[in-house]
Amino acid sequence: MKILLTALLIAVPAGNAAFAATRLVEPQLRLERQEKSAPPRVALTFDACSGKTDDRILSMLVDNRIPATIFVTARWVKRNAAAMAVFKAHPDLFEIENHGAMHVPAVDHPASIYGIAAAGSPQAVETEVASGAAAIVAQGLQPHWFRGATAKYTLSSIGQIRQMGFRIAGYSVNGDGGSLLGATAAEKRFSSARDGDVIIAHINQPTHAAGSGVAKGIMALKAKGYTFVRLNDAIEDGSDETTN
Ligand SMILES: [Zn+2]
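Residues numbered from 1 in each chain as written. Predicted model: local features only at pLDDT ≥ 70, side-chain atom pairs only at ≥ 80, totals over all residues. Heavy atoms only, no water.

(A) Summary view of the overall build of the chain. Summing up its helical and strand segments, the chain has 8 helices and 12 strands in all. Taking 2.2 N^0.38 as the reference for a compact globule, 244 residues should give roughly 18 Å; the C-alpha atoms of the chain span a radius of gyration of 19 Å, in line with that estimate. If you line up the chain on its principal axes, its C-alpha atoms span 70 × 40 × 30 Å. For the chain, the residues scored as buried account for 48% of the 244 residues in total. Intrachain contacts of the chain at a sequence separation of at least 6 include 79% that bridge at least 24 residues. Taken as a whole, the chain presents about 11300 Å² of accessible surface, with 59% of it coming from carbon and sulfur. Between the centroid of the 24 positive side chains of the chain and the centroid of its 22 negative side chains there is a distance of 5 Å. (Helix = DSSP H or I, 4+ residues; strand = E, 2+ residues; numbered from the N terminus. Rg over C-alpha atoms; globule rule 2.2 N^0.38 Å. Buried < 20%, exposed > 50% of the residue type's maximum accessible area, 1.4 Å probe, protein only. Contact = heavy atoms within 4.5 Å. Areas by Shrake-Rupley, 256 points an atom, 1.4 Å probe, with all protein chains shown as cover. Lys, Arg positive; Asp, Glu negative; His and termini not counted. Charge placed at Lys NZ, Arg CZ, Asp CG, Glu CD.)

(B) View of the coordination of the zinc ion. At this site the zinc ion is bound by Cys49 (SG), His99 (NE2) and His103 (NE2), with donor distances of 2.0 to 2.2 Å. Along the chain, the residues donating to the zinc ion are arranged with the sequence spacing C-x49-H-x3-H. One end of the pair, cysteine 49, is in the loop between β2 (41-48) and α2 (55-63); the other, histidine 103, is in the loop between β4 (94-98) and β5 (112-113), with 54 residues separating them in the sequence. For cysteine 49, a relative accessible area of 8% translates into the label buried. (Donors = N, O, S within 2.8 Å, 3.2 Å for Na, K, Ca; no water.)

(C) Structural context of the packing of α2 against helix α8 (residues 210-223). Put simply, α2 and α8 touch, their axes get as near as 8 Å, and they point 20° apart. Of the possible angle classes, the one that applies to α2 and α8 is roughly parallel. Here the hand of the crossing between α2 and α8 comes out right-handed. Between α2, through Arg56, Ile57, Met60 and Leu61, and α8, the contact on the second element is made entirely by Gly211, Ser212, Val214, Ala215, Ile218 and Met219. Among the residues forming the contact of α2 with α8, the class breakdown is 7 nonpolar, 2 polar and 1 charged. (Axes fitted to C-alpha atoms, helices over the stretch in contact; angles between N-to-C directions. Parallel < 35°, antiparallel > 145°, perpendicular 65-115°, else oblique. Left-handed = near helix turned anticlockwise from the far one by under 90°. Nonpolar A, V, L, I, M, F, W, Y, C, P; charged D, E, K, R; others polar.)

(D) Spatial organisation of the side chain of asparagine 204. Secondary-structure assignment places asparagine 204 in the loop between β10 (198-202) and α8. Within the local environment of asparagine 204, its side chain forms a polar contact with the backbone oxygen of serine 50, the two atoms lying 2.7 Å apart. Setting aside its immediate chain neighbours within four residues, asparagine 204 contacts Asp47, Ala48, Cys49, Ser50, Gly51, Lys52, Asp54 and Trp76. (Polar contact = N/O pair within 3.5 Å; in protein donor to acceptor, adjacent residues only side chain to side chain.)

(E) Layout of the side chain of histidine 99. With respect to the element layout, histidine 99 can be found in the loop between β4 and β5. Among the polar contacts listed, one links the side chain of histidine 99 to the side chain of histidine 103, at a separation of 3.2 Å. If near-sequence neighbours (up to four positions away) are discounted, histidine 99 is found in contact with Asp47, Ala48, Cys49, Phe71, Val72, Thr73, Glu128, Phe146, Arg147, Gly148 and Ala149.

(F) Summary view of the environment of alanine 43. Its place among the elements puts alanine 43 in strand β2. Once the C-alpha coordinates of alanine 43 and alanine 209 are considered, the two residues, 166 residues apart in sequence, prove to be 22 Å apart. Ignoring sequence-local partners within four residues, the contact set of alanine 43 consists of Leu31, Asp197, Val198, Ile199, Val229 and Leu231.

(G) Spatial organisation of α8. The first and last C-alpha atoms of α8 sit 20 Å apart over 14 residues, in line with the 20 Å expected at 1.5 Å per residue. Two residues or fewer past α8, glycine 225 is found with a positive phi of approximately 95°. (Expected span 1.5 Å × (residues − 1).)

(H) Just the pairing of β10, in detail. With 5 of 5 residues buried, β10 lies mostly within the body of the structure. Of the two faces of β10, the one carrying Val198, Ile200 and His202 and the one carrying Ile199 and Ala201 are both buried. Across 5 bridges, the pairing between β2 and β10 is parallel. Paired with alanine 43 across the bridge in β10 is valine 198. Handedness of the β-α-β unit built from strand β9 (residues 173-174), helix α7 (residues 183-191) and β10 comes out right-handed. (Pairing = 2+ DSSP bridges. Right-handed = clockwise from strand over helix to strand, strands pointing away.)

(I) Seen up close, the nonpolar core. Of all hydrophobic cores here, the largest spans 37 residues; its most connected members are Leu44, Phe46, Leu61, Ile70, Phe94 and Ile218. Ignoring any residue separated from it by four or fewer positions in sequence, one finds phenylalanine 46 in contact with Ile57, Leu61, Ala68, Thr69, Ile70, Phe71, Ala201, His202, Ile203, Val214 and Ile218. Counting residues in hydrophobic clusters, the runner-up holds 13 residues, among them Phe71, Trp145, Ala169 and Ala234. (Core = buried A, V, L, I, M, F, W, Y, C linked by side-chain atoms within 4.5 Å.)

Dropping the structure here:
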């Protein structure tokens, strides 16, 4: 019995260490709160993973002069030159940030996340992050933030990406459920946002119903007096050592 107990005592911490190394985290990100008298303020962040451009959202942002932070992959940039031109024509509205090269989750051990194979090694995480950044630099822009495909990481991949010079953009409100929500549900998600929230949604799925709800939800926040800020223009607090 004594031998068994000793074995257990050794096995448990070793198991925990292995669990900690492979555990996936999905970090939260929030903005510093406004003074009580100030209007509520949120950050709109959009992922452009692959595919096309949702002009229902892009036109609405431009027409209403609403600022947003856009996370693009190298692969999306290559196929959406017209949208990139709109972003670059409005540097006061759009901040372009790094969503990776090929939309591979920035997880440094082999794993499947929502059916997408993770990068799988620190070397592959580096390639995903560095090549994503290079595509933005090639556009004459400088990324400061990284958000990996699926928004999941290991603590070690977070450390690695921070070492490469990027803060990691979590979020606090999932505005469109990976662009799979219905229009009304997406609109409701946006209307649930409170001061300090960082909202994530997609700007690359023009055929999905979610996009029309996203556009309506943002207009509803504007009508309620909310103000909008880009990530580089605010002070944020991210969990899991992603920003501090
Ligand atoms: Zn994505």
